Structures are given as C-alpha cells and as structure tokens.
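Notes for the structure review
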Amino acid sequence: MPAGFTARSVWADAPRSLVRAVERVLDAPIVGVEAVHGGMPPGPAAVLALGDGRQVFAKAVAAQQSAKAHGLYTREIEVLARVPDDVPHAPLVAHVVHGDWVVIVTEAASGRAVGPPWRSQHLAAATGAVAVLSAHTDVHGLPPAVDRLPALDGWELLAERPDAGEVLDPWERERLGPLVAMSRGWRTWTAGPHAVHLDVRCDNVVEHDEGVWLVDWAHAAIGAPWLDTACLAADVVACGHVGGDAVALRAAKGILSGLPYEATRFVVAMIGMFRHNSLRDPVPSAPTMRAWQARRARALRPLVETLVTR
Ligand SMILES: Nc1ncnc2c1ncn2[C@@H]1O[C@H](COP(=O)(O)OP(=O)(O)O)[C@@H](O)[C@H]1O
Ligand SMILES: [Mg+2]
C-alpha cells in the first residue's frame, strides 16, 4: 500500500448479513475478492468476482467506522446518477443501504489506480477526461464548488496564528505575504458553471481499456473549468512522476501555463490548506490524514516556489 493511504478493513471482515444484502441486489454470489488500495475511508474496497462471471467494484463503510465517509458515499450515489455518459467514469451498478452500512457498486475497471507515481500517458488521459467533464455546463443538481472545496484560506489562517513564528519554517515566513495575497478571493474566482470532480488524484483515476476512468465522485460540483486540471498539475508533483521529480515539476508547470492565472492561485491556496490542516487535531477515523497533508504540503513546495510572486 503506498504511503498515506488508510489501511482499509477487508471484505472478509464485513458482516455476513451485509455481504448477503450485496449478493441479493446483484443477484449473484461473490466468488472472489481482490482488495484495492487508495483513499482514506476505513471501509473495504475491492473488485468482486461474481458467480455469473461479472466483475464489479464495491466499496463500503459503516457510519460507526466513519460518519464522514458514510455521508460522502451516500452523496456519491446521488452524484453518480448525474455524471454525463460521455465522461469516462465507472457506471453505477447498484447501491445498498444496510443498517448503518452504505455500499456503492460500480462496474470494475480493467486496470487499477494509475499511481503513484503518475505516467505521462495516464496524465494525458486524465487531462482528457476532466476536459470532457468540464465541457458540460448542463449538469443539474450539483452544488457550487465553494460548497465542496475545503476552506482554502490556509495561508491566511497560518499567518494569523499567535505562534506563527514557531510553526512556520523560514521558507514559509519569507513568502507568507504573497502566499496569503495569492490565495485571497478563492470563493469568487473558483466559481463557474462547469461540471468538476474536485478530487482528481492518482488514486481516483483508474486505468480502463486504453484510457482511464475518473472515480470517487462525492465532491463533484459546478465551478471554474480549470479546477480539475489544476488539481492534476498539483497531484503529479505531490504523488510524483515515474520519470522523476524534474519531470513531474515540468509537467505541472506546463499544465498550469496553459490555464488562467487563477489556476496558479488555486494551487498555491490548496497547499496552504494542506499545511494548515496538517496542524489540526488528528482525525480518529482517518489516522494517516494529518501526516498525509503535511507530506503533501512539503512535496508541493518546489512547485509553489516557481509560482509564488515575490
Ligand atoms: N471501478 C473501479 N474499478 C477498479 N478499481 C477501482 C474502481 N473504483 C475505485 N477503484 C479503486 O478503489 C480505490 C477506492 O475507491 P474510491 O472510489 O476512490 O473510494 P474512496 O472514496 O474510499 O477513496 C481507488 O483508489 C481505486 O484504487
Ligand atoms: Mg478515492
């Protein structure tokens, strides 16, 4: 399992009655289970082989394991019903609500999560997929991006901390003014009418046939058309490229140079959010979360260094 992802519970430990409920709705017995990696929720995620020859992907979580993940999965079921057909995604097969469990079953991709690390062909395919998505201004029932994005005021909140002098390192202290200024106004400049996924990372992009599928749709929204492409630029640096750090950085800068300046501001603001959130209290249901945020903020520093106006 790559660093930072939660050690998820396994299907074998799921309640027998839940497994039976899934088999009932799929009208076939589960005859094989291959666990997959990725994501933070503590529940099981696996590709299931069914007795009738089908393969499906299923992820499940109990509210007792994580009320947050339970809420996200419940929301994702509604979003999946709205994803336009031409957007490369895993179509919803079924969902199950059983006691305090919620299960999402989609078609299984022919491959697995594309990284880490990224490869250029996957990056190109993911860029294409988010472009198809953002070309849609006709997806109804999704909230504005501002309702789904984490608060991106991280640099400002860090600057306001009485202990800022201690928690910030010299690199951050030196650039804090521009970092705050670049992040400001994100609620306005992330707005727009375009459909966006808002959680595009290498573990939420899976290989499928000759291309990729976007998965994990709980954060989908309506916003500025460049949002997902900017997330991809940041993720290739954060997760790394198989060609090495210099290739990752070049790819990210290349992507951002083709986008409006707000995309650069967005990446800077996202890193402030990671850095700020990494210092918050631990999340018991996602014990690796804070360390993952800290690592991400640190890994993205070479990119911010090239973006920050001084
Ligand atoms: N349709 C699919 N086929 C194969 N693997 C998938 C599929 N969807 C997701 N995965 C894998 O399962 C992991 C968890 O699924 P995801 O939808 O991202 O759930 P979570 O919300 O728990 O992160 C992904 O990181 C990916 O590796
Ligand atoms: Mg995920």
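Residues numbered from 1 in each chain as written. Chains lettered and ligands numbered in written order. Predicted model: local features only at pLDDT ≥ 70, side-chain atom pairs only at ≥ 80, totals over all residues. Heavy atoms only, no water.

1. Observations concerning the packing of aromatic side chains
To keep things clear, this is the line we draw: Pairing of aromatic side chains requires ring centres within 6.5 Å, counting the rings of Phe and Tyr and the six-membered ring of Trp. Pairs whose planes differ by under 30 degrees are stacked, by over 60 edge-to-face, and all others tilted. Here a strand is any run of E in DSSP of at least two residues, a helix any run of H or I of at least four, and the numbering for each starts at the N terminus. Only protein chains enter the area calculation, which uses a 1.4 Å probe; residues under 20% of their type maximum are buried, those over 50% are exposed, and those in between are partly exposed.
For the structure shown, the criterion picks out 3 aromatic pairs. Taken together, a centroid distance of 5.7 Å and an interplanar angle of 65° make the contact between Trp226 and Phe266 edge-to-face. With Trp226 in the loop between strand S9 (221–223) and helix H9 (227–239) and Phe266 in helix H11 (residues 261–278), the pair connects residues that are 40 residues apart, well separated along the chain. Seen in terms of ring centroids, Phe274 and Trp292 are 5.7 Å apart; in terms of plane orientation they differ by 90°. Their pairing is edge-to-face. With Phe274 in helix H11 and Trp292 in helix H12 (residues 289–299), this pair connects stretches of sequence that are 18 residues apart. Here Phe274 and Trp292 have matching classes, each one buried. Put simply, the rings of Trp189, Trp226 and Phe266 pair up and form one aromatic cluster.

2. Regarding unusual backbone geometry
Each neighbour pair has its own omega, and for Gly115 with Pro116 the value is 5°, a cis peptide bond. Residue Pro117 is bonded to the preceding Pro116 through a cis peptide linkage, with omega at -5°. Counting through the fold element by element, Pro117 comes out in the loop between strand S5 (101–107) and helix H3 (120–134). Of note in this structure, Asp27 is not a glycine but carries a positive phi near 60°. You can see Asp27 is positioned in the loop between helix H1 (16–26) and strand S1 (30–35). The exposure class assigned to Asp27 is exposed, which follows from its relative accessible area of 69%.

3. Re the nonpolar core
So the rule is basically this: The term nonpolar core refers to a set of buried residues drawn from Ala, Val, Leu, Ile, Met, Phe, Trp, Tyr and Cys, joined through side-chain atoms within 4.5 Å. By the convention used here, residues are in contact when the closest approach between their heavy atoms is within 4.5 Å.
Among the nonpolar cores identified, the biggest contains 78 residues, and Trp118, Trp217 and Phe266 are the most heavily contacted of them. Ranked by residues supplied to this core, first place goes to H11 with 9 residues. Filtering out sequence-adjacent residues up to four positions away, Phe266 remains in contact with Leu149, Leu152, Trp189, Thr190, Trp226, Leu227, Ala230 and Cys231. Among the nonpolar cores identified, the runner-up in size contains 21 residues, and Ala21, Leu48, Val56 and Ala94 belong to it.

4. Re empty space enclosed by the protein
In plain terms, the rule: Site definitions follow a grid-based scheme: protein atoms alone, a 1 Å grid, a 1.4 Å probe that fits but cannot get out for cavities, and for pockets an open set with protein on both sides within 12 Å along at least five of seven lines, plus lining residues having an atom within 4 Å of a point. Grid points are joined across faces, edges and corners, and a volume is the space filled by probe spheres set on the points. Put simply, Ala, Val, Leu, Ile, Met, Phe, Trp, Tyr, Cys and Pro go in the nonpolar bin, Asp, Glu, Lys and Arg in the charged bin, and everything else, Gly too, in the polar bin.
Applying the stated criterion to the full structure yields 1 cavity of 30 Å³ or more. Roughly 50 Å³ of internal volume is contained in the largest cavity. Of the residues in the lining of the largest cavity, the class split is 11 nonpolar, no polar and 1 charged.

5. Considering the coordination of the magnesium ion (ligand 2)
Our working rule: Listed donor atoms are N, O and S within 2.8 Å of the metal (Na, K and Ca: 3.2 Å). As water is not included, a site may look incomplete.
Within the first shell, the magnesium ion (ligand 2) binds the protein through Asn204 (OD1) and Asp216 (OD), at distances of 2.1 to 2.2 Å. With a gap of 12 residues between them, Asn204 in the loop between strand S6 (194–196) and strand S7 (205–208) and Asp216 in the loop between strand S8 (211–214) and S9 connect regions that are remote in the sequence. The same class applies to Asn204 as to Asp216, namely buried.

6. Some thoughts on the domain arrangement of the chain
The criterion, for reference: Each domain's extent is set by a domain assignment, obtained either automatically or from a database. Two parts placed together each lose some accessible area; with a 1.4 Å probe, that loss summed over both constitutes the buried area. Put simply, a salt bridge is a Lys or Arg side-chain nitrogen that is within 4 Å of an Asp or Glu carboxyl oxygen. Polar contact criterion, stated in full: a pair of N or O atoms within 3.5 Å, where within protein one must be able to donate a hydrogen and the other to accept it, and residues adjacent in sequence count only if both atoms are side-chain atoms.
Split into domains, the chain comes out as domain 1 (11–107) and domain 2 (120–307). For domain 1 and domain 2, the distance between their C-alpha centres works out to 27 Å. Counting residues at the interface gives 22 residues for domain 1 and 25 residues for domain 2. Between domain 1 and domain 2, the buried area comes to about 1,900 Å², and carbon and sulfur atoms account for 66% of it. Taken together, the connections running from domain 1 to domain 2 amount to 1 salt bridge. Close ionic contact of Asp216 with Lys59 constitutes a salt bridge, the shortest N to O distance being 3.5 Å. Scanning the region where domain 1 abuts domain 2 turns up 6 residue pairs in polar contact (both at pLDDT 80 or more). The element that contributes the greatest number of residues to the side of domain 1 that touches domain 2 is helix H2 (residues 67–80), accounting for 5 residues.

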